[in-house]
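Each chain, written out:
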Amino acid sequence: MAIKEKTEQMIERLMYASRWILAPLYVGMSLALLGLSIKFFQELYHFIPHILEVDESELVLKLLTLIDLTLVASLIVIVMFSGYENFVSRLDLSEDTEKLDWLGTHDYNSLKMKVASSIVAISSIHLLKVFMNIQASDNDKIMWYVLTHLTFVISALFMGYLEKLNKH
C-alpha cells in the first residue's frame with residue numbers, strides 16, 4: 001500500500017473515531033436532565049403548601065411552568081438518545097431491558113423536526129404564561145415574545161416543508 005493510501009486510511013479512521021468526542025456531551029446532557037429534575041421538584045415543593053391559597057390563574061401559571069420543565073426534559077432525552085445512536089454508537093441493551101419504541105427510529109432529519117416542534121411547544125407555553133400574566137409585562141416585551149414565537153413557528157413549518165420536498 002502506498003504512503004498516500006495509508007495516510008488517507010489513517011485520516012479516515014481518525015475522523016470516524018472522533019465521533020466519540022460527542023459521548024461526554026451526551027453524558028453532560030444526563031447531568032442537565034438531573035438539574036432540570038431538581039428544579040422541577042423544587043418548584044413543586046414551594047408550590048404545594050400554597051395550593052389552597054392561590055387563585056386559578058396562578059395555579060395555571062405554575063402548572064405551565066411544570067409542563068415547560070417537563071417538555072425541556074423530554075427534549076433532552078430525545079436529543080441525548082437519538083444523537084448518541086445517530087452519531088456515536090448503537091445502544092447495546094440486553095434483551096430483558098425495556099427499550100423505548102422510538103429508539104433507533106429517528107434519523108438526523110426527524111431529530112431536527114422533533115427539536116423544532118418541541119421548541120415551538122415550549123415557546124407556546126412560555127407565550128401563554130406571558131398572556132396569563134399580561135399585566136406584568138409591557139407591550140414592547142409582549143411584541144418581542146410574539147415575534148420570537150412566530151419566528152420559531154415559521155422556521156419549524158419551513159423545515160417541515162423542506163423535509164417533505166427532500167423525501168420526494
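For the structure itself, look to the data block above.
Residues numbered from 1 in each chain as written. Predicted model: local features only at pLDDT ≥ 70, side-chain atom pairs only at ≥ 80, totals over all residues. Heavy atoms only, no water.

**A word on the nonpolar core**
As a reminder of what qualifies: Nonpolar cores are built from buried Ala, Val, Leu, Ile, Met, Phe, Trp, Tyr and Cys residues. Side-chain atoms within 4.5 Å join them into one set. Each residue is assigned to one of three classes by its accessible area relative to the maximum for its type, calculated with a 1.4 Å probe on protein chains only: buried under 20%, partly exposed between the two thresholds, exposed over 50%. Numbering of helices and strands runs from the N terminus, with a helix taken as a DSSP run of H or I at least four residues long and a strand as a DSSP run of E at least two residues long. The contact definition used throughout considers only heavy atoms, calling two residues in contact when any of these lie within 4.5 Å.
Ala23, Tyr26, Leu33, Leu36, Leu69, Ala73, Ile76, Met80, Tyr84 and Val88 together form the largest nonpolar core, which totals 10 residues. At 5 residues, the largest contribution of residues to this core is made by helix H3 (residues 56-87). Excluding its chain neighbours within four sequence positions, the residues that come into contact with Tyr84 are Trp20, Ala23, Tyr26, Val79, Ser89, Arg90 and Leu91.

**Focus: the packing of aromatic side chains**
Which entries qualify depends on this criterion: Each pair of aromatic rings taken from Phe, Tyr and Trp, with Trp reduced to its six-membered ring, is defined by centres within 6.5 Å and is described as stacked if the planes are under 30 degrees apart, edge-to-face if over 60, and tilted in the remaining cases. Working rule: Lys NZ or Arg CZ, within 6 Å of ring centre, within 35 degrees of ring normal, means a charge sits over the ring.
Scanning all chains against the criterion turns up 3 aromatic pairs. Between Tyr26 and Tyr84 the ring centres are 6.3 Å apart and the planes differ by 85°, which places this aromatic pair in the edge-to-face class. Taken together, the residues span a long stretch of sequence, with Tyr26 in helix H2 (residues 23-47) and Tyr84 in helix H3 at a distance of 58 residues. Each of the two residues, Tyr26 as well as Tyr84, counts as buried. Relative to Phe41, the ring of Phe40 lies with its centre 5.2 Å away and its plane at 80°, an arrangement referred to as edge-to-face. By relative accessible area, which is 53% here, Phe41 ends up exposed. Feature note: the residues Trp20, Tyr26 and Tyr84 constitute an aromatic cluster, connected by ring pairs. Over the ring of Tyr16 we find Arg19, and its NZ or CZ is 4.1 Å from the ring centre.

**Some remarks on H2**
Quick note on the threshold: The span one expects for a helix is its residue count, reduced by one, times 1.5 Å.
In this model H2 runs 36 Å from its N-terminal to its C-terminal C-alpha over 25 residues, within 8% of the 36 Å that 1.5 Å per residue would give. Those residues of H2 that fall on the buried side of the exposure criterion are Ala23, Tyr26, Leu33, Leu36, Glu43 and Phe47.

Shape descriptors only; they carry no functional weight alone.
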